[in-house]
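# Structure assessment
Here's the letter readout for the chains.
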Amino acid sequence: MNSETKDVCEICTNLCSSVLQKTIDNQSVTSDSFYTSTKNSYLFHCSACNYFFTKTQFEIEDFYSDKYSLLHEDFFQDQIVFLPDGAPIERNRYQADYIKNLICNLDIRSICDIGCGKGLTIKLLSEDLNHLDTFLYDLGQDSYKLLWEKYIPTTRVLPSLNGVKNRFDLVYSFFVAEHVENLDSYINTCINLINEDGAFIACLPDIAQNHGDIFVSDHLRHMSHANLQRYLSNTSLPEFDFKIWADQSLRALFFAVGKRETLRSLNVESKDNISNLGEVCRDKILSLWPKNNKTQILNSIANKDLILWGSQFYGKLAALTLSLKDVLVVDGNPHFQGTIFSLPNGKKVIVQGPETLYQNNCKNHVILLCMNDTAATALQRKLPEEIKAKTITLF
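Residues numbered from 1 in each chain as written. Predicted model: local features only at pLDDT ≥ 70, side-chain atom pairs only at ≥ 80, totals over all residues. Heavy atoms only, no water.

## Comments concerning the overall build of the protein chain
The line we're drawing: Counting from the N terminus, the helices are DSSP H or I runs at least four residues long and the strands are E runs at least two residues long. With C-alpha atoms as the basis for the radius of gyration, the globule rule is written as 2.2 Å multiplied by the number of residues raised to the power 0.38. Relative accessibility decides the category of a residue: with a 1.4 Å probe and only protein chains considered, values under 20% of the type maximum give buried, values over 50% give exposed, and everything between is partly exposed. Working rule for contacts: check all heavy atoms of both residues, and any pair within 4.5 Å makes them a contact. Per-residue accessibility takes into account occlusion by the displayed protein chains alone, with areas from the Shrake-Rupley method and a 1.4 Å probe.
Scanning the protein chain from terminus to terminus reveals 12 helices and 21 strands. For the protein chain, the C-alpha radius of gyration of 21 Å lies close to 21 Å, the compact-globule estimate for 395 residues. Reported as C-alpha extents along the three principal axes, the dimensions of the protein chain are approximately 65 × 50 × 40 Å. Residues counted as buried form 55% of the 395 residues belonging to the protein chain. The long-range fraction of contacts in the protein chain, counting pairs at least 24 apart against all pairs at least 6 apart in sequence, stands at 63%. Carbon and sulfur atoms make up 46% of the accessible area of the protein chain, which amounts to about 18000 Å² in all.

## A word on the sheet that holds strand S8 (residues 110–114)
What links the strands of a sheet is backbone hydrogen bonding, and the strands pair in either a parallel or an antiparallel sense. Rules: Should DSSP find at least two bridges between two strands, the strands are taken to pair. Only C-alpha atoms enter the line fits that serve as axes; for helices the fit covers just the stretch in contact. Angles between N-to-C directions range over 0 to 180 degrees.
Across the sheet, which stays open at both edges, the 7 strands sit in the order S10-S9-S8-S11-S12-S15-S14 with mixed pairing between neighbours. Of all strands in the sheet, those with a lone pairing partner are strand S10 (156–157) and strand S14 (241–247), marking the two edges. Sheet analysis places strand S11 (residues 168–174) next to strand S12 (residues 194–205), joined by 6 bridges and oriented parallel. Residue pairing across strands places Leu170 opposite Ala199, the latter belonging to S12. Across the sheet, helix H6 (residues 225–233) touches S12, S14 and strand S15 (252–258), and the angle it forms with S14 is around 165°.

## As for the pattern of salt bridges
Defined as follows: Take a side-chain nitrogen of Lys or Arg and a carboxyl oxygen of Asp or Glu: if they are within 4 Å of each other, that pair is a salt bridge.
Applying the stated criterion to the full structure yields 12 salt bridges. Measuring nitrogen to oxygen at the nearest pair gives 3.8 Å for the salt bridge that ties Asp97 to Lys100. Highlighted residues: Asp97 and Lys100, both in helix H2 (residues 91–102), separated by 3 residues, approximately one helical turn. Overall, Asp97 belongs to the partly exposed group, its relative accessible area being 28%. One connected set of salt bridges, linked through shared partners, spans Arg93, Asp97, Lys100 and Asp128.

## Quick look at the pairing of strand S2 (residues 15–21)
When strand S1 (residues 6–8) meets S2, the two strands line up antiparallel, connected through 3 bridges. Following the sheet pairing, Val8 is matched in S2 by Leu15. Where S1 folds back onto S2 in an antiparallel hairpin, the turn is made up of 6 residues, including Thr13, whose phi is positive at roughly 65°. As defined by bridge partners, S2 adjoins strand S4 (residues 35–46) across 4 bridges and the pair is classed as antiparallel. Of the residues in S4, the one forming a bridge with Gln21 is Tyr42.

## Focus on unusual backbone geometry
Positive phi, normally seen in glycine, also occurs at Asn26, with a value near 65°. With respect to the element layout, Asn26 can be found in the loop between S2 and strand S3 (27–29). Notably, Asn50 is not glycine yet its phi reads approximately 50°, a positive angle. The topology assignment puts Asn50 in the loop between S4 and strand S5 (51–58).

## Side note on the sheet that holds strand S21 (residues 391–393)
Ordered in space as S17-S16-S20-S21, the 4 strands form an open sheet in which the pairing is parallel. Here the strands that pair on one side only, and so sit at the sheet edges, are strand S17 (328–330) and S21. With direction set aside, neighbouring strand axes in the sheet form an average angle of 25°. For strand S20 (residues 366–369) and S21, the ladder comprises 3 bridges, and the chain directions are parallel.

## A closer look at the pairing of strand S16 (residues 306–309)
A two-sided burial pattern is seen for S16, the buried positions comprising Leu306 and Leu308 on one face and Ile307 and Trp309 on the other. Sheet analysis places S16 next to S20, joined by 4 bridges and oriented parallel. Within the sheet, the bridge partner assigned to Trp309 lies in S20 and is Leu369. Sheet analysis places S16 next to S17, joined by 3 bridges and oriented parallel. From the neighbouring strand, Ile307 faces S17, where its bridge partner is Leu328.

All we've got here are geometric facts, nothing functional implied.
Written as structure tokens, this is what we have:
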């Protein structure tokens, strides 16, 4: 096995072997749901601490500042997440409400959003808590600058995280920790921005709730609760404690760093049982990779017209791994209907709404459900039997 397929576990320093090559025809799918040129993207598994991690070498060295752009065409375009009762809610609205609820017992006057993207969460949060001084930072400043100036003009932009003189009551960061190469440096940079009684709150995907996260080529770590607990226990956090919990709607692990009294005041419900919903099993995860089941899937759809239900990450992943060349695409999220879905061969498809499924010219199509297993199961419960019978769950 060559040197590219072995790497060191950042939790226990065990030497690990790769278990999956995520680059196909020099392309991978990233979390902004684009095909991205990668020299290689490997998934590794540490058998010593049951930890999955990814190493990706992008063709573009400055990927996040030059190439990465998540839903930046429309400031209010958003993903949908689901509350525990199944009710849908836009992700940034949920995130703003989540932070507001967490800090309700704290005296928060200044907030900094690290890795804010286009800044929709901090806009919503500042509208709800209009007494706040708000700040933000993102590597993709050139991509988002015009949106920030237009929609959040009173939020101040940090040009860099080095040499920041301000100290904040709260620094938060949604889904950044899985992207950074050096997690220690990221955590310590963020806690250096909080004041004496402040808190740093961050989250990353919970692999126990979201096995599909291992397929994302720009997510470099895929942690369970046990992985994160062990990692933070090994991390030097002078004068601070940490706290970990899980959230079902975002399918995420949260962690907070701060003084013990501050952490006690966070309004956190104990939901650790959520993080044990699924066994993180190497064989189970590898069986979810569509390329590993390509022959079986292609046999089941042979000579049939295809509809992909889901236009974002899982849809792009299905198209890439199954080498799909001609499909219809539908999406239940109104924000994505009417947008362009690109196939790996360059063909462009307009994303339509689910009502397309009931048209006469679609009656003989097979429907590939391109979404996580929880979403696919919930969707199938709502479908009429004649539509449900034509669906195939990929993930």
